[in-house]
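Residues per chain, in single letters:
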Amino acid sequence: MRSITVLCVGKLKEAYWRDACAEYAKRLGAFCRFSLVEVEEERVGDRPSPAQIRAAVEAEGRRLLAKAGPALLIPLCIEGRELSSPALSRWLEEQAVAGKGDAAFVIGGSWGLSEEVKRAGTLRLSMSPMTFPHQLARVMLCEQIYRAMQISAGGKYHK
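Residues numbered from 1 in each chain as written. Predicted model: local features only at pLDDT ≥ 70, side-chain atom pairs only at ≥ 80, totals over all residues. Heavy atoms only, no water.

A. Fine view of the layout of surface pockets. By volume, the largest pocket amounts to about 420 Å³. Along the wall of the largest pocket there are 20 residues; nearest its centre are Leu76, Cys77, Ile78, Phe132 and His134. Within the residue set of the lining of the largest pocket, elements represented by two or more residues are strand E3 (72–82), strand E5 (125–126) and helix H5 (134–153). Among the elements that take part in the lining of the largest pocket, E3 stands out by supplying three residues, more than any other. (1 Å grid on protein atoms, 1.4 Å probe; cavity = no way out; pocket = protein on both sides within 12 Å on 5 of 7 lines; lining within 4 Å. Points joined across faces, edges and corners; volume = space filled by probe spheres on them. Helix = DSSP H or I, 4+ residues; strand = E, 2+ residues; numbered from the N terminus.)

Following this line, the structure appears as structure tokens:
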């Protein structure tokens with residue numbers, strides 16, 4: 001069975017976001033070993049300098065990469081590729097057929113992802129040209145992974 005991980009910077013603060021992610025995690029259990037892994041957010045002051053921001057993003061990136069293991073890394077970033085739900089499903093299927101079924105989707109903190117994480121990615125993915133709160137993006141990503149699994153299984157959820 002394949003393993004899918006969502007690696008995130010920071011914790012979900014609101015119970016409704018946690019509940020939504022938990023619901024998709026439960027549903028995904030029928031298709032894969034799913035886990036949501038949070039790494040500590042680097043603290044910066046109220047008015048951080050560009051150097052402080054860069055250092056924080058790099059520290060978060062090192063934490064994310066340490067948790068990724070050998071899985072295919074899929075960083076979510078604005079400059080990534082936009083895929084439809086069926087296209088994401090096909091891509092994940094193709095990777096699994098090629099023997100690369102384990103995947104780790106990566107969501108950075110409020111300052112984004114380090115270049116090191118982006119370079120390590122097999123596929124840079126963009127959810128949209130719009131900007132979303134990180135908490136909502138996490139729920140949306142869990143839903144899209146579930147939708148991709150349903151599409152692969154021939155389920156009716158995605159219609």
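There's more to say after this.
B. The nonpolar core, seen in detail. Counting residues in each nonpolar core, the largest one holds 28 residues, and the members touching the most others are Ile4, Phe34, Ile74, Leu92, Phe105 and Ile145. Mapped onto this core, the elements with two or more residues apiece are strand E1 (3–9), helix H1 (15–28), E3, helix H3 (85–97), strand E4 (103–107) and H5. If you tally residues by element for this core, the top one is H5, at seven residues. Once you skip the residues sitting within four places of it in the chain, Ile74 turns out to touch Trp91, Leu92, Ala103, Ala104, Phe105, Val106, Leu123 and Leu125. With eleven residues, the next largest nonpolar core counts Val39, Ala68, Val106 and Val117 among its residues. (Core = buried A, V, L, I, M, F, W, Y, C linked by side-chain atoms within 4.5 Å. Buried < 20%, exposed > 50% of the residue type's maximum accessible area, 1.4 Å probe, protein only. Contact = heavy atoms within 4.5 Å.)

C. Summary view of the packing of aromatic side chains. Here the structure, examined in full by the defined rule, presents three aromatic pairs. Seen from their ring centres, Tyr24 and Tyr146 are 6.1 Å apart, and the 45° between their planes marks the pair as tilted. With Tyr24 in helix H1 and Tyr146 in helix H5, this residue pair connects regions lying 122 residues apart in the sequence. Taken individually, Tyr24 and Tyr146 each receive the classification buried, so the pair is uniform in this respect. The exposure class of Tyr146 is buried, given its relative accessible area of 8%. (Phe/Tyr/Trp six-rings, centres within 6.5 Å; stacked < 30°, edge-to-face > 60°.)

D. Spotlight on the side chain of Ser128. Looking at the element boundaries, Ser128 is found in the loop between E5 and H5. Within the local environment of Ser128, its side chain forms a polar contact with the backbone nitrogen of Met130, the two atoms lying 3.0 Å apart. Contacts of Ser128, omitting those with residues within four sequence positions, involve Ile78 and Glu82. (Polar contact = N/O pair within 3.5 Å; in protein donor to acceptor, adjacent residues only side chain to side chain.)

E. Layout of H5. The end-to-end C-alpha distance of H5, which contains 20 residues, comes to 29 Å, matching closely the 28 Å that a straight helix rising 1.5 Å per residue would cover. Once H5 ends, the next one or two residues include Gly154, with phi positive near 75°. (Expected span 1.5 Å × (residues − 1).)

F. Layout of the environment of Arg27. Positionally, Arg27 belongs in helix H1. Every residue in contact with Arg27, bar those within four places of it in the chain, is listed here: Tyr146 and Tyr157.

G. Representation of the pairing of E1 within the structure. With seven of its seven residues buried, E1 lies for the most part within the structure. Burial of E1 is two-sided: the residues Ser3, Thr5, Leu7 and Val9 facing one way and the residues Ile4, Val6 and Cys8 facing the other way are all buried. For E1 and strand E2 (residues 33–39), the ladder comprises seven bridges, and the chain directions are parallel. Pairing of Val9 across the sheet is with Val39, part of E2. Taking the sense of rotation as the criterion, the β-α-β connection linking E1, H1 and E2 turns out right-handed. (Pairing = 2+ DSSP bridges. Right-handed = clockwise from strand over helix to strand, strands pointing away.)

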